[in-house]
Amino acid sequence: MPGEPAKRTKREEYKSTLGEGQDAQLPKKKFYRQRAHANPFSDHSLTYPKCPADMDWASLYPAYVVEEPQDGSHDQKEISEGKGNAITKQVEIADIGCGFGGLLFALAPKLPDTLILGMEIRTSVTEYVQDKVRALRAQHTPTTNASTHDFQNVSCIRANTMKFLPNFFTRAQLSKIFLCFPDPHFKQRKHKARIVSYTLASEYAYVLRPGGIVYTITDVEDLHNWMVGHFEKHPSFEMVGEEELEKEGDVCVGIMRKETEEGKKVERNKGMKFVACFRRAEDPPWP
Amino acid sequence: MTLPFQCIEAYSLPTERSCEWAVFGVCGSRLVVQTSSGVTSTWPTEQYPTRSTEPADEPEGPPGKRVKLSPPADQIMNFSCLTLSNGKEHIVAITAEDKCIRVFRLDSENQLQQLSQRCMARRPCALAITSDDSTILCADKFGDVYSLPLQYTPEDDMTETPIPEESETPAEKDYKPAASVLTVHSGRNRKVLEEQMKQASKGVKKSKEPLKFKHELLLGHVSMLTDIAYARIDERSYILTADRDEHIRVSRGPPQAHIIEGFCQGHDEFVTKLCLPTPGVLVSGGGDPHLYIWDWVNSRLLNKFCIRDAVSAFMKTLTEDKSNLEDKISKTVVSGIWNVPATSTQDVILVACEGVPAVFSISLGGTNGPPVLGQTIPLTGNALDVGIISQNKEFCTAIVSIDNIHKPGSTTEIREDEGPNRLQCFSCKGNEWHEDSDVMAKLEWLNRRALGDEGDSGTDSKVTSQSPRRADEKALRDILYGMENLRKRPGAED
Ligand SMILES: C[S@@+](CC[C@H](N)C(=O)[O-])C[C@H]1O[C@@H](n2cnc3c(N)ncnc32)[C@H](O)[C@@H]1O
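Only a predicted model underlies this, so the values are computations on that prediction, with no experimental measurement involved.

Engineer: What should I look at first to understand the packing of aromatic side chains in this one?
Structural biologist: Working definition: an aromatic ring pair is given by the centre-to-centre distance plus the angle between the planes. What the rule picks out here adds up to 19 aromatic pairs over all chains. Here A:Tyr206 and B:Phe263 contribute two aromatic rings whose centre-to-centre distance is 5.1 Å and whose plane-to-plane angle is 75°, an arrangement assigned as edge-to-face. Residue A:Tyr206 is located in helix 5 (residues 198-207), and its partner B:Phe263 is located in strand 16 (residues 260-263); the two belong to separate chains. For the pair formed by A:Tyr206 and B:Phe263, the shared burial category is buried. Summarising the aromatic geometry, the rings of B:Tyr11 and B:Phe24 are spaced 6.2 Å apart at their centres and angled 35° between planes, so their arrangement reads as tilted. Here B:Tyr11 is found in strand 1 (residues 7-14), whereas its partner B:Phe24 is found in strand 2 (residues 19-27), with 13 residues between them in sequence. In terms of burial, B:Tyr11 and B:Phe24 fall into one category: buried. The ring of A:Tyr198 carries A:Lys233 above its face, with NZ or CZ at 4.8 Å from the centroid.

So, in structure tokens, the structure goes:
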């Protein structure tokens, strides 16, 4: 739902004032607000690749595009072959239901060598993140602010991850998945709409490599228990403590607590935050 | 009047000299069978109110319009799926309205006997049976796959409430709101919560009783499942599932069904049917112009075959009226794919499409080449289902269920006169299909007489106004032609 026509026009007008290049301004959220809940079951007119190989990663991460060899020889091994130009790295981190992208922009400078992708079902919220990525990249030039991050390693797409995750990622492609403050869908009738379930855990396990981590955080205790229950029941995951991750040098939990927009809201209201992380186990032997 | 069989199944036990077989059909809410020795059986056995209470010669309008599907019972339940166990001992069926999985067998007198009925929480869409015949795999409308023991034993009933599953939560007996005002901070969450508190104060809403019989959630898609297949290659077992989006998923078989091995990605439209003609080969079809042929173990596309072209060529020979034809052809939906037991060196499948009065015989071509259309077998009505009898090594017979109510080529227009047959039989020798009048003669009861007089109950035949019949026509259409409805209409809710 791209918003009511009037709102959309306003946003377009507004967007034309954002400017380009170094003077690019960061977008303002108020022009991108959208009805809170999108139905993950309905047939949105989504665009998605048929398979990961069809994905045009180059347009999302232009700084990583593989230069076409001058002599025209197509010697492109060891690189992902997208439909557009290939890129030299694969996305390794997915923030599912990234909202306005607070976590993405906090993670990107901390993991500068890793490609991070936000996935969000709401159109204009996605657009906000994309506009912000564009602005941050434009503001950065090697001469003026070489010490700041260039945000070339972060991007965002519109996607219904509950249906189409395997269209974007191959088996074992990801090392981290974030599920931050998912919509709680309190009513029992709506539990199938929750982004965590025993059966969805199989898909998360499919795109995660063994040893990879799923991070969850919520302010709703019941949802926390639900997520823990479903991941713990799933043989491909084992729960791992925050301390253990920190000992391994993982900075993500701290960032997730502080930097998501929902996390900040909860902070302001002095609410509780429940964190749970799960490690992708090796698949058991198969005859 | 006779109604068509929405599903049929056949089994055959070829021996040295002859071949024993049985053909099962479901018609509305009844299951019937006829065997090669001529024995017939109907389930349930109770007779509906007969027509004897009314004069037989009462003028009643065109018989073709008299469509009545079910006994005048409180609950209408129509069969939607029929599968035979590998050992041919059991028939497993789904009745749609009561979401029920029913297991039948033929007793020593070849009479149908229902062994168990288990009603699921969500409507089952498709079934598969593991190769050892121990387990039914049930794929449902919500996208989940459950396993149930094929043989139901009351001792297996779960006495305790099972661990919360996918769509089942811990019994909400002690209903507590899932959050408190203290823990919810965003405006929208708070609104939901307030709603919930209101409800809680009104008292606990009754949640559905958990299913008592043994069943286990194996895997799930966030999309309606359309078909499921079970395969064994060497020591490994697999479950293949297809959904209303374009996905075909390959998972490990139980007890490792939570592990996804891969996806066969390529369809542009919903997938309706999966067929595993030879080990390692999958043929899939649905709302796409093409059938896809896969090396599914390696998630690799081997070939495509344009079924829409075959349908188009055939439909153009069928009618003069080309007005709606292009539109119709663009909506071609594969409604069935059947493996033909090897009668030659080629792997052959039969394919049917919704509302098309033909079956297409296609040679898969193996690794050597692309699939080719061997033969288009024209029918006297739309193809509904196919059951195959393996007569011996050289030849097999396809029993095709025919829509004798709708006009050939249409899923909406009713015929003026009821079609002549609701079955047609074709035998295949070498690579050629010929109509088989011998088998047809043997199936006379099933073809014309089974349930013939029961379509009308005493009460219902007195209803002469148009509307109830229209409703029945719609009900019949829904039973026979549900698949085109699966096509997405994007933008509707976005
Ligand atoms: C409460 S917000 C949290 C946003 C962000 N992660 C944060 O912590 O600030 C949940 C987000 O998930 C998105 N979402 C819900 N279902 C989704 C789906 N199936 N695919 C992608 N995004 C989804 C919603 O649109 C919403 O923006």
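Engineer: Explain the UniProt feature "active site" (unreviewed entry) in chain A here, please?
Structural biologist: In this structure's numbering, the residues bearing the UniProt feature "active site" (unreviewed entry) are A:Asp183. Mapped onto the elements, A:Asp183 comes out in the loop between strand 4 (174-180) and helix 5.

Engineer: Hey, could you run me through the environment of B:Glu20 in this one?
Structural biologist: All names here are of chain B. Relative to the elements of secondary structure, Glu20 occurs in strand 2. Residues Glu20 and Thr35, 15 residues apart in the sequence, show an inter-C-alpha distance of 7.5 Å. Beyond its immediate stretch of four places on either side in the chain, Glu20 contacts Tyr11, Ser12, Leu13 and Ser36.

Engineer: What is the right way to look at the nonpolar core in this model?
Structural biologist: Nonpolar side chains tend toward joint burial in soluble globular proteins. Residues and elements named next belong to chain A. Membership of the largest hydrophobic core comes to 47 residues, with the highest contact counts inside it found for Met119, Phe169 and Tyr204. Per element, the largest residue contribution to this core is six residues, and it comes from helix 5. Excluding residues within four positions of it along the chain, Phe169 makes contact with Pro52, Trp57, Val91, Ala94, Leu117, Met119, Leu174, Tyr206 and Val207. Tyr32, Val125, Cys180 and Val253 belong to the second-largest nonpolar core, a separate cluster that totals 37 residues.

Engineer: Can you help me understand the sheet that holds strand 26 (residues 395-402) of chain B in this one?
Structural biologist: In a beta sheet, neighbouring strands pair by backbone hydrogen bonds and run either parallel or antiparallel. All names here are of chain B. The antiparallel open sheet is built from four strands, whose spatial order is 25-26-27-28. Of all the strands in the sheet, the pair left with one neighbour each is strand 25 (383-390) and strand 28 (432-435). This sheet shows a mean twist of 25° between the axes of neighbouring strands, independent of strand direction.

Engineer: Looking at this structure, how should I read helix 9 (residues 261-268) of chain A?
Structural biologist: An α-helical turn contains 3.6 residues, so any two residues separated by three or four positions project in the same direction. All names here are of chain A. Listed in full, the buried residues belonging to helix 9 are Glu261, Gly263 and Val266. Elements that come into contact with the buried residues of helix 9 comprise helix 2 (102-110) and helix 8 (252-259). Looking one or two residues beyond helix 9, the residue adopting positive phi is Lys270, at roughly 55°.

Engineer: Explain the pairing of strand 1 (residues 91-96) of chain A to me, please; I cannot follow it from the model alone.
Structural biologist: Side-chain direction in a regular strand flips from residue to residue, so the side chains alternate between the two faces of the sheet. All names here are of chain A. The buried fraction of strand 1 is high, at five of six residues. Here strand 1 runs beside strand 2 (residues 115-120); their pairing, made up of five bridges, is parallel. Within strand 2, the position partnered with Asp95 by the bridge is Gly118.

Calculation criteria
- Residues numbered from 1 in each chain as written.
- Chains lettered and ligands numbered in written order.
- Predicted model: local features only at pLDDT ≥ 70, side-chain atom pairs only at ≥ 80, totals over all residues.
- Heavy atoms only, no water.
- Phe/Tyr/Trp six-rings, centres within 6.5 Å; stacked < 30°, edge-to-face > 60°.
- Helix = DSSP H or I, 4+ residues; strand = E, 2+ residues; numbered from the N terminus.
- Buried < 20%, exposed > 50% of the residue type's maximum accessible area, 1.4 Å probe, protein only.
- Lys NZ or Arg CZ within 6 Å of the ring centre and 35° of its normal.
- UniProt positions renumbered as here; feature names shortened; annotations may be inferred.
- Contact = heavy atoms within 4.5 Å.
- Core = buried A, V, L, I, M, F, W, Y, C linked by side-chain atoms within 4.5 Å.
- Pairing = 2+ DSSP bridges.
- Axes fitted to C-alpha atoms, helices over the stretch in contact; angles between N-to-C directions.

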